[in-house]
Amino acid sequence: MKRLSLLTLLAVAACGSGNDKPSFYAISLTTPDESFWSPTIQVGGQSFVMDLDTGSTTTAIAGTSCSTCSNVTPEYMPGSMAVDEKQTATTEYADGTGWMGEIYQDTINLGSGSPNAMFNLVDISTQVVSGGVEGFFDGANDYQGILGMGPPENAEPNTGAYFDTITTMGGVDPVMAFELCQDGGTMWLGGFDATHAQAAVQYTPMLPISNNNAFYSIDITSMSLNGTVVGMGSDDFQEPILDTGTTFFYLPTNIAEALTDAINTSAAQVFAGQSFDLESQDISCVSASGATDAMIDAMMPPLVFTVPSMGGGADISFSVPALESYLFDGGDGQYCLGVGDGGSEFGGVLGDQFMQAFVTVMDVGNGQVGLALDKGCSASASKRRSRDMTTFHPHLPKPRRK
């Protein structure tokens, strides 16, 4: 999907324990319209705004040699300390976009006291266009590249992995966590700030990472809406991926259809007989003139889903309000569907629409994912920012294609 927007991002001071090495690093994120979230990074002394993507691994930045990146600025210029590896890399994402370019070894830093990471990244010389219309860069110059946070198994040949580098060589504990707010957010490295969660984080197993499953993924054992079960079993959910590079919440076709039907059963009572169309070419919205977000959350049922417990025993259940899971405020009195049909290839992608409700902890070292409903975002239900549908261009499922 078209990638869109990103303001500059200021790295926040690391949260520490008073020792020489902080217990974790807190990196500020920005998001102009909740189509994606981004840190600002330093690469060889140059500053760039980057699309934050846990669904891919290779880091790539538009270079000065990129003739098809005319609207992107600043562009990467390898400095005197950068090493040309005399190799190229290319990638294609699930949304059909991608890039190709020269591989350089260079140093990246995310600020907030986080360590420098030297590894192989890509100087983009050409962006790949999807369907002859949309390219990797959307023309708005909101970001200049992609910061891949995925495991090394998903890196393009001869390129590196930022998170693996800082955890194996930079002394950072192998934990990353995210709080995706409507006015920005935080990425934690090496731990997380538990005060941002409503309750203690509960953990579910992370499925083993391998060349066949090179993503951070979990099992979902059940999902329901207003008492109607719309999905059961991990086979149905096809090992859903936690992906900050995807805007919406994508489900296998049968589950997406069942969930939309259940949503429409309730929507008929709330939105004067209107319904959402999962198959719409555009984002499906209904009109609710005079309604507030608080009213919609009160009248529409929460999404309830369960995951296995890391410690065994009973599954863990979460009840998530409508506007933090399957709907979003589209502005001008309209409310829109945040669920998409993931088909068969990427049938389960837990994108930003899903993750925004939580403090999400990817504890790679212990093979687990932690979830707790968020309380740290400053935008409350009564102050939730509407998206501007004239400029909002959500990203389609975007894990890197193997």
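Analysis parameters
Residues numbered from 1 in each chain as written. Predicted model: local features only at pLDDT ≥ 70, side-chain atom pairs only at ≥ 80, totals over all residues. Heavy atoms only, no water. Helix = DSSP H or I, 4+ residues; strand = E, 2+ residues; numbered from the N terminus. Buried < 20%, exposed > 50% of the residue type's maximum accessible area, 1.4 Å probe, protein only. Contact = heavy atoms within 4.5 Å. Areas by Shrake-Rupley, 256 points an atom, 1.4 Å probe, with all protein chains shown as cover. Phe/Tyr/Trp six-rings, centres within 6.5 Å; stacked < 30°, edge-to-face > 60°. Lys NZ or Arg CZ within 6 Å of the ring centre and 35° of its normal. Core = buried A, V, L, I, M, F, W, Y, C linked by side-chain atoms within 4.5 Å. Pairing = 2+ DSSP bridges. Axes fitted to C-alpha atoms, helices over the stretch in contact; angles between N-to-C directions. Patch = residues over 30% accessible without salt bridge, like charges linked within 9 Å, V, L, I, M, F, W, Y side chains within 5 Å. Salt bridge = Lys/Arg side-chain N within 4 Å of Asp/Glu carboxyl O. Lys, Arg positive; Asp, Glu negative; His and termini not counted. Charge placed at Lys NZ, Arg CZ, Asp CG, Glu CD. Disulfide = S-S within 2.5 Å. Polar contact = N/O pair within 3.5 Å; in protein donor to acceptor, adjacent residues only side chain to side chain. pLDDT = per-residue confidence, 0-100. Expected span 1.5 Å × (residues − 1).

Here the focus is the overall build of the protein chain. When helices and strands are counted, the protein chain shows five helices and 25 strands. When the 402 residues of the protein chain are sorted by exposure, 58% land in the buried category. Sequence-distant contacts in the protein chain: of pairs separated by 6 or more residues, those separated by 24 or more amount to 70%. For the protein chain, the exposed area adds up to about 14800 Å²; of that, 49% sits on carbon and sulfur atoms.

So, about the packing of aromatic side chains. For the coordinates displayed, the defined rule picks out 19 aromatic pairs. On the basis of an interplanar angle of 85° and a centroid distance of 5.1 Å, the ring pair of Phe-36 and Tyr-143 is categorised as edge-to-face. Placement of the pair is Phe-36 in the loop between strand S1 (25-29) and strand S2 (40-43) and Tyr-143 in the loop between strand S8 (134-135) and strand S9 (145-148), with a sequence separation of 107 residues. Residues Phe-36 and Tyr-143 agree in their burial class; the two are buried. Measuring from centroid to centroid gives 6.0 Å for Phe-271 and Phe-276, while their planes differ by 85°, and the two rings are edge-to-face. Of the two residues, Phe-271 and Phe-276, both sit in the buried class. Members of the aromatic cluster, connected to one another through ring pairs, are Phe-36, Tyr-93, Phe-136, Phe-137 and Tyr-143. Geometry around Phe-328 places Arg-387 over its ring, the cationic atom sitting 4.4 Å from the centre.

The next subject is the nonpolar core. If you look at the biggest cluster of nonpolar residues, it comprises 74 residues, and the most contacted ones within it are Tyr-162, Leu-189, Phe-271, Met-300 and Phe-305. Here this core gets seven residues from one element, more than from any other, and that element is helix H3 (residues 253-270). Counting residues in each nonpolar core, the second largest holds 16 residues, with Cys-66, Tyr-93, Trp-99 and Ile-103 among its members.

Attention now goes to the sheet that holds strand S25 (residues 368-373). Spatial ordering of the open sheet is given by S1-S11-S10-S24-S25-S12, a layout of six strands whose pairing is antiparallel. Strands at the two margins of the open sheet, each flanked by one partner only, are S1 and strand S12 (202-205). The sheet shows a mean angle of 20° between the axes of neighbouring strands, direction not considered.

Before going further, it helps to spend a moment on a negative patch on the surface. On the surface, a cluster of negative charge is contributed by Glu-257, Asp-261, Asp-277 and Glu-279. Of note, Glu-257 is situated in helix H3. The exposure class of Glu-257 is partly exposed, given its relative accessible area of 37%.

Let's shift gears to the state of the cysteines. Within this structure, the stated rule accounts for three disulfides. A disulfide bridge connects Cys-66 with Cys-69, and the sulfur atoms are separated by 2.0 Å. Where Cys-66 bonds to Cys-69 through sulfur, the torsion about that S-S bond is close to 55°, and the disulfide is right-handed. Overall, the relative accessible area of 5% leaves Cys-66 in the buried class. Each disulfide pairs two cysteine sulfurs, and for Cys-181 the partner residue is Cys-377, the sulfurs being separated by 2.1 Å.

At the junction of Thr-73 and Pro-74, the peptide bond is cis and its omega measures out at 0° in the coordinates. With respect to the helices and strands, Pro-74 occurs in the loop between strand S4 (60-62) and strand S5 (83-92). Phi is positive for Ser-112, which is not a glycine, with a value near 60°. The residue Ser-112 is located in the loop between strand S6 (98-109) and strand S7 (117-130) in this model. In this structure Ser-112 comes out as buried when scored by relative accessible area, which is 12%.

A few words on the side chain of Thr-59. With respect to the element layout, Thr-59 can be found in the loop between strand S3 (46-53) and S4. Among the polar contacts made by the side chain of Thr-59, one reaches the main-chain amide nitrogen of Gly-148 at a distance of 3.5 Å.

This brings us to the confidence of the model for the protein chain. Here the protein chain shows a mean pLDDT of 87. Residues at 70 or above account for 87%. Confidence over residues 1-19 falls short of pLDDT 50; this stretch has 84 contacts with residues more than four positions distant or in other chains.

So, about the sheet that holds strand S13 (residues 222-225). With antiparallel pairing, the four strands of this open sheet are ordered in space as S14-S13-S18-S19. What marks the edges here is a single partner per strand, and that holds for strand S14 (228-232) and strand S19 (316-320). For this sheet, the mean inter-axis angle between neighbouring strands, taken without regard to orientation, is 20°. Contacting S13, S14 and strand S18 (303-307), H3 runs over the sheet at an angle of about 165° to S14.

The next subject is H3. Compared with the 26 Å implied by 1.5 Å per residue over 18 residues, the 25 Å span of H3 between its first and last C-alpha is a close match. Ala-272, located one to two residues past H3, shows a positive phi value of around 50°.

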